[in-house]
2 protein chains.
Amino acid sequence: MGASEALEAWSALLGAGRVAVDAASLAPYSASTAARSTRPLAVLRPLTTDEVVAVVRIAARHGTALYPISVGHNWGYGDACAVRDGNVIVDLSGMRRILEMDRDLAYVVVEPGVTQAQLSDYLLREDLPMWMDCTGGGPDTSLVGNILERGFGHSPYGNRFQNVAGMRIVLGNGEVLNTGFGHFPTAVNQRIFPYGVGPYLDGLFTQANLGIVTSLGLWLMPKTQAINHFLCSVEEHGDIAAVVDALRPLRMGGILRSILHIGNDLRVISGGMTFPHQLAPGASRLPDEVRQQLRKSAGIGSWTVSGALYGSTAQLAFARKAVRMALAPTRARVQFLDERKLALGEMAVRMLGKGALAHKLRARVALGRSLFDMNRGIPNGRFLAGAYWRRRGGLPKGFPQGANPALDNCGLLWVSPVLPMRGADMLVASSLADRIFRAHQFDLFATFSMINERALGGVLTVAFDKEDAAETARARACHDQLFEEMMAAGYIPYRVGQQSMDKLDNGDDSFWRTVARVKDALDPQHIIAPGRYGPG
Amino acid sequence: MGASEALEAWSALLGAGRVAVDAASLAPYSASTAARSTRPLAVLRPLTTDEVVAVVRIAARHGTALYPISVGHNWGYGDACAVRDGNVIVDLSGMRRILEMDRDLAYVVVEPGVTQAQLSDYLLREDLPMWMDCTGGGPDTSLVGNILERGFGHSPYGNRFQNVAGMRIVLGNGEVLNTGFGHFPTAVNQRIFPYGVGPYLDGLFTQANLGIVTSLGLWLMPKTQAINHFLCSVEEHGDIAAVVDALRPLRMGGILRSILHIGNDLRVISGGMTFPHQLAPGASRLPDEVRQQLRKSAGIGSWTVSGALYGSTAQLAFARKAVRMALAPTRARVQFLDERKLALGEMAVRMLGKGALAHKLRARVALGRSLFDMNRGIPNGRFLAGAYWRRRGGLPKGFPQGANPALDNCGLLWVSPVLPMRGADMLVASSLADRIFRAHQFDLFATFSMINERALGGVLTVAFDKEDAAETARARACHDQLFEEMMAAGYIPYRVGQQSMDKLDNGDDSFWRTVARVKDALDPQHIIAPGRYGPG
């Protein structure tokens, strides 16, 4: 068998301690929040690019498929699992060096194992004048992993792939490719200009299976004098359309430079609780009146717009005014949060001590603090709470400390359609989703984020009880119908879970044929991540 | 012969009128501002993507190399010429439709023949609320052609490739590839989110020879309430370093959102005149004292920083203050220009009538008007004047009307190094260039532009008398030494002329090997643009 010979060679290379085949070691790599999972053959833990090269060469010699993961926290999109059974997981979480840092030009070079928390801590500890862009995926997620999936964050640097300069990649043939200017041995400019000279290749290695990225240059946002967070509440569902259209010119005009998130009521509600079985016994979806009641007691509307303003205090005053003026003709209520208000709130909480009012205020202040921290690159696990909505036993003890939705047995599927940034499109997409979730008896968690100046990136979550086989089957059906109807409506997703990768190819599409030809050219034996964003 | 059969087939396809082989028709495709040019076999003029597909299929059948150009005005980097002899030019200048326009989401979809002037006129005529980004290449240059070379402009949308969403490409096998979401037949989101889902391929088709782009989506900048242009003069060469370092935080912090251009004295001087032979008889380079004198009479310093501020009047007031404060500790003199000042200047010119003072003021006001127009996407040919510096007979009659440096027999070579945005790097690169230009007896035209938040894009021009064989040889030697020393110093260029394409590959570089493999996969017969940004 090729595999057993390969395993011997890998053990000789990495030592037995960094090659595992036992069930206990492999279990985390077949635990998934999705309604499917795959079984790996083994897991390898290289620590350097050279080791990755040697790992790939051995795989190529023996024809064994590899599946690289950064730290494997790709929640809801496949987690730490390979797309197909029988792959050897290449777990890069041990490659966690910050290889370079430039204070003036505000960038770092990071390996795949560097987590949000690690970079954030580093920047704080060294008191560097820059902020990391942060996602809601939690402190222990990989920066590189998320960027290669073209994830988005919360700050003006939230279009994360746009802030990458220079990748190092191990190809399927074992060659090391440095992109941009990085392949010129003398280059001093590889981290400040992504394109290099000649074809710009980086995009090939995002949402792809064409190589194993072992480091990349990441631009960071220079700190600004101040931040304001703003929350904007929209009572009636239909009124959000006018709000989107009112905010679009500010986003396009550069006044709102950060990623804005527009979440429905359940997004906010699910931050503090899981499904209230006592209020809806036997149900998998909140009855409308219960939802209304929860919405009311949370003091929120149908939709909450959340975003941040960055700049000097003078710039912020101007931006606040612009936001207020833009929203004046709409039915949105706007609230701005700054460091001073937050500190006052925290003082009030301390003074109030215990009691219902203090409890409510404490929750609001804690949320404000988390949002504020996110804006300046301090990650927080609380935004993962939605994944636990239908979990038996609710939130684990000590949550969000050590939260791991895959190992915690959460059921979670996502559909992520991209919409033109127009209120009308948002209404179409959300009523489409609403109808389908209602039919399959699930609560709809919906966020539409202004991920660039012209697009809304939707994240629609099916949260389900994975221990209930019937509910799991319904969740899959709900996901699949949603996916298909969004595709039919033309709202193609920006990213997909592994269950949907083969649905992206209708079998007669020159795009996927082109991708397949490039795959054959760069990885002729199909060693790397078979099935990942690649045609059948 | 394959070629003659191919020509017959193309004639049958396009009609004799759109296939040319006669010397007069081919002459413009071997005229180059560079110190070399190539001879094409024929020129074809398809008008639609379908015709391009048919052209490519015929080429593949007969093994004939094609060389696509948009309108062929790639001044100084190869103009309308193929990299190698004997190619069939595919001239796309007849594909000049604006295929789509969206007013709310501010984009157009354009074909390769659409020129800066054409799109600019269209936006003005339809009174659309958006501005095009504009280069100094002149009104008759192609938008698509420049973008595929990753050129940069003047506005906040000056990183042009970053504002492309969705390309249509004819591959070497005759397949049509739609990138981004464009290959999903239902997609309504292909123009608002460039990446699509799966590998992001667009970068492959920039600075490359992997396909023929027949249209692309181009984002336009929403108009702002006002624009201020600013000019900042730095008397002594060494003082520019502090200015770069002072402006960097404003560029990185989003206060200066447009591309800033930092030009040396000769860049400004050459805008209004050609080499003054009467002041320097027999010389190919201005004597230092003549240069000083010209600088003095133009009222400029060693360096001029030129850029624009965009926003509401309140934002502009804030930005002006920020620029003034940042520059206060430096030796720069700053001047802001707005619509009102410009109108006053134009009125004064009319009132003054004739005379020396009126003449001088008229020149300044005209320059101001041109800069202002550029900022809002109205192209102007005057910035091409530098190409004519050493031309016998000076500027052609009626310049810039119909200016065509290639047909006008200008001698022009460019080296375009990318530098970290640091004053120290700019001093190193410019003294390196200065030494080499002095040794080869050429005037150094230098611009360093803040092309993104972290990089300076240098454009260093060797302007020479192409009718003087010895000067031409020296120009080539000057260019080559400059190119090599910049590479050795690590300032790799962002773009190269055809004379340098083979110097980008040292013969043992996994980057170029990867590009070659992709080339073999997508264009196995090497039909498209052999030698263009591809390894030997």
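Residues numbered from 1 in each chain as written. Chains lettered and ligands numbered in written order. Predicted model: local features only at pLDDT ≥ 70, side-chain atom pairs only at ≥ 80, totals over all residues. Heavy atoms only, no water.

Chemist: In this structure, what is going on with the pattern of salt bridges? I would like to understand it.
Modeler: Two side chains that carry opposite charge are able to pair once their charged atoms sit near each other. Going through the model one piece at a time under the given rule, you end up with 54 salt bridges over all chains. Notably, a salt bridge pairs D102 of chain A with R422 of chain B, separated by 3.2 Å at the nearest N-O pair. Here D102 of chain A is found in strand β5 (residues 98–102), whereas its partner R422 of chain B is found in the loop between β17 (418–420) and α12 (423–439) on a different chain. Residue D102 of chain A is classed as buried on the basis of its relative accessible area of 13%. Residue R438 of chain B is joined to D288 of chain B by a salt bridge in which the shortest nitrogen-to-oxygen separation is 3.3 Å. Taken together, the residues R438 of chain B in helix α12 and D288 of chain B in helix α8 (residues 288–298) connect sequence positions 150 residues apart. Here R438 of chain B falls in the partly exposed class, since its relative accessible area comes to 36%. A cluster of three or more residues bridged by salt bridges with shared partners is formed by E339, E346, R369, D373 and R376 of chain A. (Salt bridge = Lys/Arg side-chain N within 4 Å of Asp/Glu carboxyl O. Helix = DSSP H or I, 4+ residues; strand = E, 2+ residues; numbered from the N terminus. Buried < 20%, exposed > 50% of the residue type's maximum accessible area, 1.4 Å probe, protein only.)

Chemist: Any chance you could explain a nonpolar patch on the surface here in plain terms?
Modeler: Taken together, the side chains of L344, M347 and M351 of chain A make up a nonpolar region of the molecular surface, amounting to roughly 330 Å² of accessible area. Along the chain, M351 of chain A turns up in helix α10 (residues 339–352). (Patch = residues over 30% accessible without salt bridge, like charges linked within 9 Å, V, L, I, M, F, W, Y side chains within 5 Å. Areas by Shrake-Rupley, 256 points an atom, 1.4 Å probe, with all protein chains shown as cover.)

Chemist: Explain the packing of aromatic side chains here, please?
Modeler: Within a pair of aromatic rings, the relevant descriptors are the distance that separates the centres and the angle that separates the planes. Taken as a whole and assessed by the stated rule, the structure comprises 28 aromatic pairs over all chains. A ring pair is formed by F152 of chain A and Y494 of chain A, whose centres lie 5.3 Å apart and whose planes are at 50°; its orientation type is tilted. In this pair, F152 of chain A sits in the loop between α5 (143–148) and β8 (164–170) while Y494 of chain A sits in the loop between α13 (469–488) and α14 (510–522), placing the two residues 342 residues apart along the sequence. An aromatic cluster is defined as three or more aromatic residues linked by ring pairs; in this entry it consists of F161 of chain A together with F181, F193, Y195 and Y200 of chain B. One Lys or Arg, R390 of chain A, reaches over the ring of F275 of chain A and ends 4.5 Å from the middle of that ring. (Phe/Tyr/Trp six-rings, centres within 6.5 Å; stacked < 30°, edge-to-face > 60°. Lys NZ or Arg CZ within 6 Å of the ring centre and 35° of its normal.)

Chemist: Please clarify how the sheet that holds strand β10 (residues 212–219) of chain A should be interpreted in this entry.
Modeler: Strand pairing in a sheet relies on backbone hydrogen bonds. The paired strands run either parallel or antiparallel. All names here are of chain A. Ordered by their spatial adjacency, five strands build an open sheet running β5-β6-β10-β8-β9, and the pairing between neighbours is antiparallel. Where the open sheet ends on each side, the last strands, each with one partner, are β5 and β9 (176–178). The average undirected angle you get between the axes of adjacent strands in this sheet is 10°. Across four bridges, β5 lies against strand β6 (residues 107–110) in antiparallel orientation. Looking across to β6, one finds that I98 is bridged to V110. Contacting β8, β9 and β10, helix α3 (residues 49–62) crosses the sheet at an angle of about 45° to β8. (Pairing = 2+ DSSP bridges. Axes fitted to C-alpha atoms, helices over the stretch in contact; angles between N-to-C directions. Contact = heavy atoms within 4.5 Å.)

Chemist: I would appreciate a short explanation of the interface of chain B and chain A in the present structure.
Modeler: Contacts between chain B and chain A engage 85 residues on the former and 84 residues on the latter. On inspection of chain B and its partner chain A, the count reaches six salt bridges. A salt bridge links R517 of chain B to E175 of chain A, with the shortest nitrogen-to-oxygen separation between them at 2.8 Å. Taken together, the links from chain B to chain A amount to 40 residue pairs in polar contact (both at pLDDT 80 or more). When residues of the side of chain B that touches chain A are traced back to their parent elements, those giving at least two are β9 (176–178), α6 (240–252), α9 (313–327), β17, α13 (469–488) and α14 (510–522) of chain B. With 10 residues, α14 of chain B is the largest single contributor of residues to the side of chain B that touches chain A. Split by residue class, the side of chain B that touches chain A holds 50 nonpolar, 22 polar and 13 charged. (Polar contact = N/O pair within 3.5 Å; in protein donor to acceptor, adjacent residues only side chain to side chain. Nonpolar A, V, L, I, M, F, W, Y, C, P; charged D, E, K, R; others polar.)

Chemist: What am I meant to see in unusual backbone geometry here?
Modeler: With glycine set apart, most residues show a phi of negative sign, and most peptide bonds adopt trans. All names here are of chain A. Between F399 and P400 the backbone carries a cis peptide bond, its omega angle lying at 5°. For P400, the position within the fold is in the loop between α11 (356–375) and β16 (411–415). If you check the backbone angles, Q207 has positive phi at about 45° while not being a glycine. By the secondary structure assignment, Q207 is in the loop between β9 and β10.

Chemist: When you look at the pairing of strand β18 (residues 445–450) of chain A in this model, what are you seeing that I'm missing?
Modeler: A regular strand places its side chains on the two faces of the sheet in alternate fashion. Residues and elements named next belong to chain A. Most of β18 is tucked away: six of the six residues are buried. Residues F445, T447 and S449 line one face of β18 and the alternating positions A446, F448 and M450 line the opposite face, and both faces are buried. Where strand β13 (residues 260–264) meets β18, four bridges bridge the pair, whose relative direction is antiparallel. By the bridge assignment for β18, H261 is matched with S449.

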